[in-house]
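Chain and residue survey
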Amino acid sequence: MIFRRDMWIVLAISVAAVIISPYIQPPWLLAVITILISALFYAIRDAKYPAIGMSIVAILYGAGLVSLMVFLGTITIVMMGEAASRIMADNKYRIYVHILVASVSSVIVMLYLNYTNILIPLTGLIVALMLKSVLKKREDSIMLECIGASMTMYLFEDISYTANTNLIILAIIISFAFGILSYKMKAADMSGLFSAALMGILIIVFSDITWFFVMLAFFILGSGFTKFKYEKKKREGVAESRGGVRGFLNVFANGLVSLCAAILFGIYQDPLFSAMFIGSISSAMADTTASELGMLGKTPRLITTFKKVPKGTDGGVTLFGEAAATISAFILCMVAYALGVVTFEIALFGVLAGFVGTNVDSFIGATLERKGLIHNTGTNFLCTLSGGIFAMLLYIL
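Because the structure is predicted, anything quoted here is derived from the model rather than measured.

Observations regarding the overall build of the chain
When you go through the chain residue by residue, the secondary structure sums to 16 helices and 2 strands. The C-alpha atoms of the chain give 23 Å as radius of gyration, which agrees with the globular expectation for 397 residues (21 Å, within 12%). Sequence-distant contacts, at least 24 apart, represent 72% of the contacts inside the chain between residues at least 6 apart. Here the chain carries 28 positive and 22 negative side-chain charges, and the mean point of each set is 11 Å from the other.

Right, here's the structure in full:
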């Protein structure tokens, strides 16, 4: 068991590490010192996973694979945030203390190192919090938080993308407001809150706030369709589990491809990636609609054999569901067109991609998912990927 006294020690050592680290050269020497201190904690207390996590990040820094900002950012975000939260006696406020300490200390480190790209520690912080909410029952959660936060910061540092600080602040406010509202409305759990916030921030920063509004439109429509006649669907045994509450797996399964498209568009400014974006999100929209409204229609038929199957069967489709899916994809694509995210031509490609994507989802559901070879989240991801690729091909051709 890790006592509060031990957390004060971790906090003090973390602060000392931040202060002296820039003056310890070469980097491998600091890595050796960190590993030795971690080994001490590994030996005397039940803190082996935090020790392993920091040792891994220290090795990466010592080998020159990550920067000093990534190394110290991991210490401040994970170790200092975790230590400060565990010092709190009231569990109710621990997450807020973690966020406050991690955020403030990260900003201080940036100023101390004359580091200007706030996007780097921001992404590391949100990923760490997301992993914390997902892995809270796992013994090795802090180790995975260290690795996840450091690798995220390394990735975005390597991209070398810079954005206006005011835009980033606006993105934080809008995305977290959206995430918190979703959590309060029981449309997302805590992991869904942080993953949606991360996705929203990156979309706004790399592309434009209008792209985020397209994503928001998908979420609002999708949540509405999930809640529509929920009790009836529940009685028939075909309703979404957990009352339709979205977790991080659902968020990334439906939004990862569109997020990548938004980032690529921000870097290259190529309309090809706007086609990928609208194609993937249109597929997610169509699939959600077909799943939530299609089962309210007549008895579905399996997409591979056209034989009648019970409602809720993976791969089952209805004419009503296909029509509803296409209409919802059209509405979403017209929203994107009205906001100036895509041209009218690309919007039409998005509608076709939505139709293709939802049927790819049904086909995979009828084959791989029914055999237990793939989970529903994997099916959703392949649905959005196929829709994004299809829209890109239409744009190219």
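Notes on the environment of F206
By the element assignment, F206 lies in helix α9 (residues 190–206). The exposure class of F206 is buried, given its relative accessible area of 1%. Beyond its immediate sequence surroundings of up to four residues, F206 is in contact with L119, F156, I159, Y161, A262, I263, G266 and I267.

Here we look at a nonpolar patch on the surface
Residues I9, I13, W28, L29, V32, I33, L36 and I37 make up a contiguous nonpolar surface patch of about 660 Å² in total accessible area. Top element by residues in the nonpolar patch is helix α2 (residues 27–44). It accounts for 6 residues. With a relative accessible area of 51%, W28 lands in the exposed category.

Points about helix α8 (residues 165–184)
Here α8 spans 28 Å end to end across 20 residues, near enough to the 28 Å set by a 1.5 Å rise per residue. Elements that come into contact with the buried residues of α8 comprise α6 (119–134), α9 and α10 (209–227). The backbone nitrogen of N166 has a side-chain oxygen 2.8 Å away, supplied by the residue at the start of α8, namely N164. Directly beyond the C-terminal end of α8, a positive phi value near 60 degrees is found at K186.

So, the environment of D314
If you trace the backbone, D314 turns up in the loop between β1 (301–302) and β2 (316–317). D314 sits 56 residues away from R370 along the chain, and the two C-alpha atoms are 6.3 Å apart. Setting aside residues no more than four positions away along its own chain, D314 makes contact with L302, G365, A366, E369 and R370.

What to know about unusual backbone geometry
Cis geometry is adopted by the peptide bond preceding P26, which originates at Q25 and carries an omega value of 0 degrees. Relative to the elements of secondary structure, P26 occurs in the loop between α1 (4–20) and α2.

A word on the packing of helix α5 (residues 94–113) against α6
Taken N-terminus to C-terminus, the directions of α5 and α6 make an angle of 155 degrees; their axes are 10 Å apart at the nearest point. With respect to their mutual orientation, α5 and α6 come out roughly antiparallel. Considering the relative orientation of α5 and α6, their crossing is right-handed. From α5, I95, H98, I99, A102, S103, S106 and M110 reach across to α6, where they touch P121, L125, L129 and K132.

Observations concerning the pattern of salt bridges
Counted under the stated rule, the structure contains 3 salt bridges. In this structure, K132 engages E82 in a salt bridge whose closest nitrogen and oxygen atoms are separated by 2.8 Å. With K132 in helix α6 and E82 in helix α4 (residues 68–87), the pair connects residues that are 50 residues apart, well separated along the chain. Note on E82: relative accessible area 7%, which makes it buried. Here D140 makes a salt bridge to R138, at a shortest N to O gap of 2.9 Å.

Some points on the packing of α4 against α6
Across the interface, α4 lies against α6 with an axial gap of 10 Å and an inter-helix angle of 40 degrees. In terms of orientation, α4 and α6 fall into the oblique class. Of the two elements, α4 crosses α6, and the hand of that crossing is right-handed. Listed contacts from α6 to M69, I77, V78 and E82 of α4 are P121, G124, L125, A128 and K132.

Some points on helix α7 (residues 141–159)
Side chains of residues three or four places apart in an α-helix project in the same direction, reflecting 3.6 residues per turn. Counted at 1.5 Å a residue, the expected span for α7 with its 19 residues is 27 Å, and the 27 Å between its end C-alpha atoms agrees. If you check which residues of α7 are buried, you get S141, I142, M143, E145, C146, G148, A149, S150, T152, M153 and F156. Packed against the buried residues of α7 are α3 (48–62), α4, α6, α9 and α12 (248–268). Once α7 ends, the next one or two residues include S160, with phi positive near 60 degrees.

As for the state of the cysteines
Considering all chains together, one arrives at 0 disulfides under this definition. Not engaged in a disulfide, the cysteine C260 finds its nearest cysteine sulfur in C383; these two sulfurs lie 16 Å apart. Of all cysteine sulfurs in the structure, the one in C383 sits closest to C333, which takes part in no disulfide; the separation is 13 Å. Classification of C333 as buried rests on a relative accessible area of 0%.

Digging into the confidence of the model for the chain
Scored by pLDDT, the chain has a mean of 87; 92% of the residues are at 70 or more. The secondary-structure element of the chain with the lowest mean pLDDT is helix α11 (residues 230–235), recorded at 60, while helix α16 (residues 376–396) shows the highest, at 94.

Cut-offs used in this document
Residues numbered from 1 in each chain as written. Predicted model: local features only at pLDDT ≥ 70, side-chain atom pairs only at ≥ 80, totals over all residues. Heavy atoms only, no water. Helix = DSSP H or I, 4+ residues; strand = E, 2+ residues; numbered from the N terminus. Rg over C-alpha atoms; globule rule 2.2 N^0.38 Å. Contact = heavy atoms within 4.5 Å. Lys, Arg positive; Asp, Glu negative; His and termini not counted. Charge placed at Lys NZ, Arg CZ, Asp CG, Glu CD. Buried < 20%, exposed > 50% of the residue type's maximum accessible area, 1.4 Å probe, protein only. Patch = residues over 30% accessible without salt bridge, like charges linked within 9 Å, V, L, I, M, F, W, Y side chains within 5 Å. Areas by Shrake-Rupley, 256 points an atom, 1.4 Å probe, with all protein chains shown as cover. Salt bridge = Lys/Arg side-chain N within 4 Å of Asp/Glu carboxyl O. Expected span 1.5 Å × (residues − 1). Polar contact = N/O pair within 3.5 Å; in protein donor to acceptor, adjacent residues only side chain to side chain. Axes fitted to C-alpha atoms, helices over the stretch in contact; angles between N-to-C directions. Parallel < 35°, antiparallel > 145°, perpendicular 65-115°, else oblique. Left-handed = near helix turned anticlockwise from the far one by under 90°. Disulfide = S-S within 2.5 Å. pLDDT = per-residue confidence, 0-100.

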